[in-house]
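Spelled out from the first residue to the last, the chains are:
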Amino acid sequence: MRIWAISNQKGGVGKTTTVASLAGGLTAQGETVLVVDLDPHGSLTSYFGLATESVSHGVYDLFHDAMERNQPDPLRHIQRTDVEGLDILPATMALATIERQAASFEGLGLVIRQALRHLSGHYDTVLIDSPPMLGVLMINALAACDRLIIPVMADFLALKGLERMLRTLEMIRHSRGQSHPYLIVPTLYDRRPRVSREILEILSQRYGDHLWSGVIPLDTKIREASQAHLPIAIYRPSSRAAMAYGTLLNFLLEQEADKTPEVLSA
Ligand SMILES: Nc1ncnc2c1ncn2[C@@H]1O[C@H](COP(=O)(O)OP(=O)(O)O)[C@@H](O)[C@H]1O
Ligand SMILES: [Mg+2]
């Protein structure tokens, strides 16, 4: 069971969209996928048509069980989606309280990692959506994954955000004592402004092989797909964004098959 987290300490960069899109691509290939919504805003949960206010079980329960020292039982909290092969551990309203509770309750950083161990064999892939702020939920996403995908938008602010993100990663790497393969993915890419190309060049100079060589283009079909509660690969497989996400997915799967340590970790 592979576990990928999609994270960046910045909102609106396409994290949730990337989770939904990769999940759609994987299920289209016949895989079983679990998506985990670690953002209290619950965008991923609503993407798949569930309302955070009315969902009764979800990620929060895993934290609750950990605090009560109960044996984690993630299968109880998982919900089906309308997409064949795709399940979700949704965000509920209560998830917003975790950051505060974590201040007085130690050891909540590995809750998701430990819970997912109980699911090994149930899914081919787990994709974790992360909130945009560094806190215990993001730490859980980073600690649970065996690979990290960092969506970035091609603007100068994004470069700063990315540096912050990579410092966080370094910190976690240190405490885990193992390296974390990561891939930077340019998202919401607008080819027209010259600055877009300039940013891509800077990213390439700074991050080399960690930068995916493609881009996810701006595409209005993405918003339509989320309104239809469907991954883009299912909603409009021929759209530019669906093709780009398909290429990204194939790249990730090939890279995994190659297992080139120099590329995967640094
Ligand atoms: N490639 C794209 N083209 C057009 N709109 C996009 C694209 N990717 C994401 N969006 C839209 O941008 C907004 C932010 O994306 P989202 O995935 O929610 O970002 P994050 O999870 O990082 O906050 C959403 O409204 C989403 O529909
Ligand atoms: Mg999001």
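Reading guide: rules and limits
Residues numbered from 1 in each chain as written. Chains lettered and ligands numbered in written order. Predicted model: local features only at pLDDT ≥ 70, side-chain atom pairs only at ≥ 80, totals over all residues. Heavy atoms only, no water. Buried < 20%, exposed > 50% of the residue type's maximum accessible area, 1.4 Å probe, protein only. Helix = DSSP H or I, 4+ residues; strand = E, 2+ residues; numbered from the N terminus. Pairing = 2+ DSSP bridges. Axes fitted to C-alpha atoms, helices over the stretch in contact; angles between N-to-C directions. Parallel < 35°, antiparallel > 145°, perpendicular 65-115°, else oblique. Left-handed = near helix turned anticlockwise from the far one by under 90°. Contact = heavy atoms within 4.5 Å. Nonpolar A, V, L, I, M, F, W, Y, C, P; charged D, E, K, R; others polar. Salt bridge = Lys/Arg side-chain N within 4 Å of Asp/Glu carboxyl O. Near = heavy atom within 4 Å. Areas by Shrake-Rupley, 256 points an atom, 1.4 Å probe, with all protein chains shown as cover. Core = buried A, V, L, I, M, F, W, Y, C linked by side-chain atoms within 4.5 Å.

Engineer: Explain the pairing of strand β2 (residues 33–37) to me, please; I cannot follow it from the model alone.
Structural biologist: Working note: regular strand, side chains alternate between the two faces of the sheet. Of all 5 residues making up β2, 5 are buried, and the element is well covered by its neighbours. The alternating pattern of β2 places Val33, Val35 and Asp37 and Leu34 and Val36 on opposite faces, both of which are buried. One ladder, built from 4 bridges, connects β2 with strand β4 (residues 86–89); its direction is parallel. If you follow Leu34 over to β4, its bridge partner there is Asp87. In this structure, β2 lies alongside strand β5 (residues 125–129), joined through 5 bridges in parallel fashion. Along β5, the bridge assignment pairs Asp37 with Asp129.

Engineer: Can you help me understand the packing of helix α7 (residues 156–176) against helix α8 (residues 194–207) in this one?
Structural biologist: Axes are the key here: two packed helices are described by the angle between their axes and the distance separating the axes. Axis separation between α7 and α8 bottoms out at 10 Å; the angle between their running directions is 25 degrees. In terms of orientation, α7 lies roughly parallel with respect to α8. Between α7 and α8 lies a crossing whose hand is right-handed. Counted together, Phe156, Leu159, Leu162, Glu163 and Leu166 of α7 and Val195, Glu198, Ile199, Ile202, Leu203, Arg206 and Tyr207 of α8 form the full contact between these two elements. Here the contact of α7 with α8 is built from residues that sort into 9 nonpolar, no polar and 3 charged.

Engineer: Sorry if this is basic, but what is going on with the pattern of salt bridges here?
Structural biologist: Proximity of charged atoms lets side chains of opposite charge pair with each other. Inspection of every chain in the model, using the stated rule, returns 9 salt bridges. Arg192 serves as the salt-bridge partner of Asp190, at 3.1 Å between the closest nitrogen and oxygen. Taking the relative accessible area as the measure of exposure, Arg192 reaches 72% and is therefore exposed. Each of Arg2, Glu31 and Glu256 takes part in salt bridges that share partners, so that together they form one network.

Engineer: Sorry, what's going on with the packing of helix α6 (residues 136–144) against α7 here?
Structural biologist: The geometry of α6 relative to α7 is characterised by a closest axis approach of 10 Å and an angle of 60 degrees between their N-to-C directions. As α6 runs across α7, the sense of the crossing is right-handed. On the side of α6, the interface is formed by Met138, Ile139, Leu142 and Ala143, while α7 contributes Met165, Thr168, Leu169, Met171, Ile172 and Arg176. Residue classes in the contact of α6 with α7 are distributed as 8 nonpolar, 1 polar and 1 charged.

Engineer: Sorry if this is basic, but what is going on with the site of ligand 1 here?
Structural biologist: Around ligand 1 sit 14 residues, and of these Gly12, Lys15, Thr17, Pro217 and Asp219 come closest. When ligand 1 is considered free in solution it has 560 Å² of accessible area, and contact with the protein chains removes 80% of it. For the shell around ligand 1, the secondary structure elements donating two or more residues are α1 (15–28) and α9 (220–227). Looking at the shell around ligand 1, the element that brings in the most residues is α1, giving 3 residues. Looking at the shell around ligand 1 residue by residue, the classes come out as 6 nonpolar, 5 polar and 3 charged.

Engineer: Looking at this model, I keep getting lost on the nonpolar core. Mind explaining?
Structural biologist: Nonpolar side chains tend toward joint burial in soluble globular proteins. Phe63 and Ile128 are the most contacted members of the largest nonpolar core, which totals 51 residues. Not counting the four nearest positions on each side in its chain, Phe63 is found in contact with Leu38, Leu95, Ile98, Leu108, Val111, Ile112, Leu137 and Asn140. With 32 residues, the next largest nonpolar core counts Ile6, Val33, Val35 and Ala242 among its residues.

Engineer: Looking at this model, I keep getting lost on the sheet that holds β5. Mind explaining?
Structural biologist: Strands in a sheet are paired, the pairing made by backbone hydrogen bonds, and the direction either parallel or antiparallel. Read from one edge of the open sheet, 7 strands run β3-β4-β2-β5-β1-β6-β7, paired in mixed fashion. Two strands bound the open sheet, and with one partner strand each, they are β3 (79–80) and β7 (182–187). Contacts from α7 reach β6 (147–153) and β7, with the element oriented near 165 degrees to β6. Packing of helix α11 (residues 240–258) onto the sheet brings it into contact with β1 (2–6), β6 and β7, and relative to β1 it is tilted by some 135 degrees.

Engineer: Sorry if this is basic, but what is going on with the pairing of β5 here?
Structural biologist: For β5, the tally of buried residues reaches 5 of 5 residues, placing the bulk of the element in the interior. Side chains Thr125, Leu127 and Asp129 of β5 all project onto a buried face; the interleaved residues Val126 and Ile128 project onto the opposite face, where all are buried too.

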